[in-house]
Amino acid sequence: MRERLRALIAGSPIATGLQLLMVECVGSCPRPCAVAFDAPGKWRLRFGGLTPRHAEDVVEALRLYKESESGNLSDAALPYGLRGHVSARSPTFACPKTLPSTGVPTPFSGGVAPSLSPVPK
């Protein structure tokens with residue numbers, strides 16, 4: 001999934017202000033592979049039960065997420081292939097922090113979670 005997403009996003013305008021991170025866990029053990037969207041002031045969305053065939057839908061959902069004011073996309077607003085794959089929605093944290101190495105904002109209230117690491121290029 002990581003390689004497919006990286007290829008779809010490379011050179012695309014959607015990549016502006018975006019940081020693709022690989023994490024050990026986003027809490028979707030019963031439904032791996034998972035993808036989560038996170039931005040300051042927006043709801044966090046997590047999708048589970050994904051395969052590389054969902055990559056195009058993930059990129060389209062990311063576009064919708066970036067364009068939305070709150071980030072809380074309804075199932076009906078999502079690309080058809082992702083409907084039923086939302087495994088968690090959580091509201092934004094009150095105090096967004098910044099990833100020290102990149103300057104990209106993140107809403108983890110305690111700073112950067114230990115399992116976060118930028119995806120190697």
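As a starting point, this report considers the structure included with it. A quick note: this is a predicted structure, and the numbers were derived from the prediction, not measured.

Cut-offs and rules
- Residues numbered from 1 in each chain as written.
- Predicted model: local features only at pLDDT ≥ 70, side-chain atom pairs only at ≥ 80, totals over all residues.
- Heavy atoms only, no water.
- Phe/Tyr/Trp six-rings, centres within 6.5 Å; stacked < 30°, edge-to-face > 60°.
- Helix = DSSP H or I, 4+ residues; strand = E, 2+ residues; numbered from the N terminus.
- Buried < 20%, exposed > 50% of the residue type's maximum accessible area, 1.4 Å probe, protein only.
- Lys NZ or Arg CZ within 6 Å of the ring centre and 35° of its normal.
- Contact = heavy atoms within 4.5 Å.
- Axes fitted to C-alpha atoms, helices over the stretch in contact; angles between N-to-C directions.
- Parallel < 35°, antiparallel > 145°, perpendicular 65-115°, else oblique.
- Left-handed = near helix turned anticlockwise from the far one by under 90°.
- Nonpolar A, V, L, I, M, F, W, Y, C, P; charged D, E, K, R; others polar.
- Pairing = 2+ DSSP bridges.

## Points about the packing of aromatic side chains
Alright, step 1. For the coordinates displayed, the defined rule picks out two aromatic pairs.
Alright, step 2. Aromatic side chains F37 and Y65 sit 5.3 Å apart centroid to centroid with 50° between the ring planes, which places their arrangement in the tilted category. Placement of the pair is F37 in strand β2 (residues 35-37) and Y65 in helix α2 (residues 55-67), with a sequence separation of 28 residues. The two residues F37 and Y65 agree in class, both being buried.
Alright, step 3. Ring pairing ties together the aromatic residues F37, F47 and Y65, which thus form one cluster.
Alright, step 4. Its guanidinium or amino end placed over the ring of Y65, K42 lies 5.2 Å from that ring's centre, counting from NZ or CZ.

## Some details on the environment of Y65
Alright, step 1. A residue is classified by how much of its surface remains accessible, and Y65, at 2% relative accessible area, is buried.
Alright, step 2. In sequence terms Y65 and W43 are 22 residues apart; their C-alpha atoms lie 9.3 Å from each other.
Alright, step 3. With residues up to four places along the chain from it excluded, the contact list for Y65 reads F37, D38, A39, K42, W43, R44, L45, G71 and L73.

## With respect to the packing of helix α1 (residues 2-9) against α2
Alright, step 1. Remark: α1 packs on α2, axes separated minimally by 9 Å, with the N-to-C direction vectors making an angle of 55°. Classified by the angle between their axes, α1 and α2 sit oblique to one another. By crossing handedness, the relation of α1 to α2 is classed as right-handed. Of α2, the residues touching α1 (which contributes R4, L5, L8 and I9) are A55, E56, V58, V59 and L62.
Alright, step 2. Residues that form the contact of α1 with α2 fall into these classes: seven nonpolar, no polar and two charged.

## Brief notes about the sheet that holds β2
Alright, step 1. Taken in spatial order, the three strands of this open sheet run β2-β3-β4, and their pairing is antiparallel. Where the open sheet ends on each side, the last strands, each with one partner, are β2 and β4 (86-90). The mean angle between the axes of side-by-side strands here comes to 15°, regardless of whether they run parallel or antiparallel.
Alright, step 2. When β2 meets strand β3 (residues 44-47), the two strands line up antiparallel, connected through three bridges. The residue of β3 that forms the bridge with A36 is R46.
Alright, step 3. In this fold α2 packs onto β2 and β3, with an angle of close to 15° to the strand it touches most, β2.

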